[in-house]
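# Remarks on the overall topology
Given next are the chains, with one letter for each unit.
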Amino acid sequence: MKALTAAVSLCALFPAAAAATPPPARADVSAEDREYLNRAHQNNLFEIITSHLTDRASCAEVRRLAPEFAAHHTALDADLVSVATREGVTLYSVPEPLPRIGDLAARSGPDFDKAWLNAQQEAHISAIATTEREARQGWSPEVKDLAARAAPVLHHHLEEVLAATDTAGEAPDTTKATFTCVNVACPSG
């Protein structure tokens, strides 16, 4: 419970998460655009919060990636919040995967490293699919442009996560994945 409370309190650190009341919704924003903005916002919050948990990491590569991911997702989210405000879209202010954040907050050492890398891989695979779909099929030109700008960042992050694991090309699976970061680059305890 402490870990979940800590994760929830981290939400208060990110003013972008609490967007001001937006103007009325514009006609050129579809339900799919609104869904994309909220899903991308949730993903950004997850990435920012979980990147601030890496003081528990034992792996130098995880500690190197985390501030980069946090900075990139903070910038992506600031852009997203601006677009959502202009488009009149209200964003959810609390990340949906709170139990997952709490689980990560309760781990440390190589166990944290594995769980964090898996979480990053899963989150980025999902975010890429959602973002590319919006860039192709979105209704609002501004939201589509936002998605097109985010896609290269998400791909870069996924490449970095895969480079830190031995699971490149495989679906994330914490039961069988081996992590270069944990097994080779960092002492195992």
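Residues numbered from 1 in each chain as written. Predicted model: local features only at pLDDT ≥ 70, side-chain atom pairs only at ≥ 80, totals over all residues. Heavy atoms only, no water.

### Considering the overall build of the protein
Tallying secondary structure elements over the protein gives seven helices and zero strands in all. For the protein, the succession of helices and strands along the chain, N to C, is α-α-α-α-α-α-α. Residues classed as buried in the protein amount to 47% of the 189 residues present. For the protein, the share of sequence-separated contacts (at least 6 apart) that also reach a separation of at least 24 residues comes to 80%. Entry remark: accessible area of the protein is about 9000 Å², with carbon and sulfur atoms responsible for 59%. (Helix = DSSP H or I, 4+ residues; strand = E, 2+ residues; numbered from the N terminus. Buried < 20%, exposed > 50% of the residue type's maximum accessible area, 1.4 Å probe, protein only. Contact = heavy atoms within 4.5 Å. Areas by Shrake-Rupley, 256 points an atom, 1.4 Å probe, with all protein chains shown as cover.)

### Here's the deal with the nonpolar core
In this structure, Val62, Leu104, Phe112 and Trp116 are the most contacted members of the largest nonpolar core, which totals 21 residues. At the level of secondary structure, the elements contributing two or more residues to this core comprise helix H2 (31-51), helix H3 (60-87), helix H4 (98-105) and helix H5 (109-137). A per-element tally of this core places H5 first, with six residues. When residues no more than four places from it in sequence are discounted, the contact partners of Leu104 are Phe46, Thr50, Leu53, Arg56, Phe112, Ala115, Trp116 and Ala119. Tyr36, Val81, Val83 and Ala147 belong to the second largest nonpolar core, which has 15 residues in total. (Core = buried A, V, L, I, M, F, W, Y, C linked by side-chain atoms within 4.5 Å.)

### Remarks on the side chain of Gln120
In this fold, Gln120 is placed in helix H5. On the basis of relative accessibility, which here comes to 0%, the residue Gln120 falls in the buried class. Contacts of Gln120, omitting those with residues within four sequence positions, involve Glu47, Thr50, Phe69 and Val161.

### Quick look at the pattern of salt bridges
Between side chains of opposite charge, a pair can form as their charged atoms come close. With the rule as written, the count across this model stands at ten salt bridges. Between Arg64 and Glu68 there is a salt bridge, with its nearest N and O atoms 3.5 Å apart. With Arg64 and Glu68 both in helix H3 and four residues apart, this pair spans about one turn of that helix. Judged by relative accessible area, Glu68 falls into the buried class, the value being 17%. Between Arg86 and Glu142 there is a salt bridge, with the nearest N and O atoms lying 2.3 Å from each other. Highlighted residues: Arg86 in helix H3 and Glu142 in helix H6 (residues 141-163), separated in sequence by 56 residues. (Salt bridge = Lys/Arg side-chain N within 4 Å of Asp/Glu carboxyl O.)

### A closer look at the confidence of the model for the protein
On average, residues of the protein score 81 in pLDDT, and 72% of them are at 70 or above. For the stretch residues 1-23, pLDDT sits under 50, and the model shows 35 contacts to residues farther than four places along the chain or on other chains. (pLDDT = per-residue confidence, 0-100.)

### Comments concerning the packing of H2 against H3
For the pair H2 and H3, the least separation of the axes is 8 Å and the interaxial angle reads 150°. On the basis of their axis angle, the class for H2 and H3 is roughly antiparallel. Between H2 and H3 lies a crossing of left-handed hand. For the pair H2 and H3, the contacting residues are Leu37, Ala40, His41, Asn43, Asn44, Leu45, Glu47, Ile48 and Ser51 in the first and Ala66, Phe69, Ala70, His73, Thr74, Leu76, Asp77, Leu80, Val81, Val83 and Ala84 in the second. Split by residue class, the contact of H2 with H3 holds twelve nonpolar, six polar and two charged. (Axes fitted to C-alpha atoms, helices over the stretch in contact; angles between N-to-C directions. Parallel < 35°, antiparallel > 145°, perpendicular 65-115°, else oblique. Left-handed = near helix turned anticlockwise from the far one by under 90°. Nonpolar A, V, L, I, M, F, W, Y, C, P; charged D, E, K, R; others polar.)

### Some remarks on the packing of H5 against H6
Here H5 crosses H6 at 155°, and the two axes come no closer than 8 Å. The orientation of H5 with respect to H6, classified from their angle, is roughly antiparallel. As H5 packs across H6, the resulting crossing turns out to be left-handed. In this structure, H5 contributes Leu117, Gln120, Gln121, His124, Ile125, Ala127, Ile128, Thr131, Glu132, Glu134, Ala135 and Arg136 to the contact, and H6 contributes Val143, Lys144, Ala147, Ala148, Ala150, Ala151, Leu154, His155, His157, Leu158, Val161 and Leu162.

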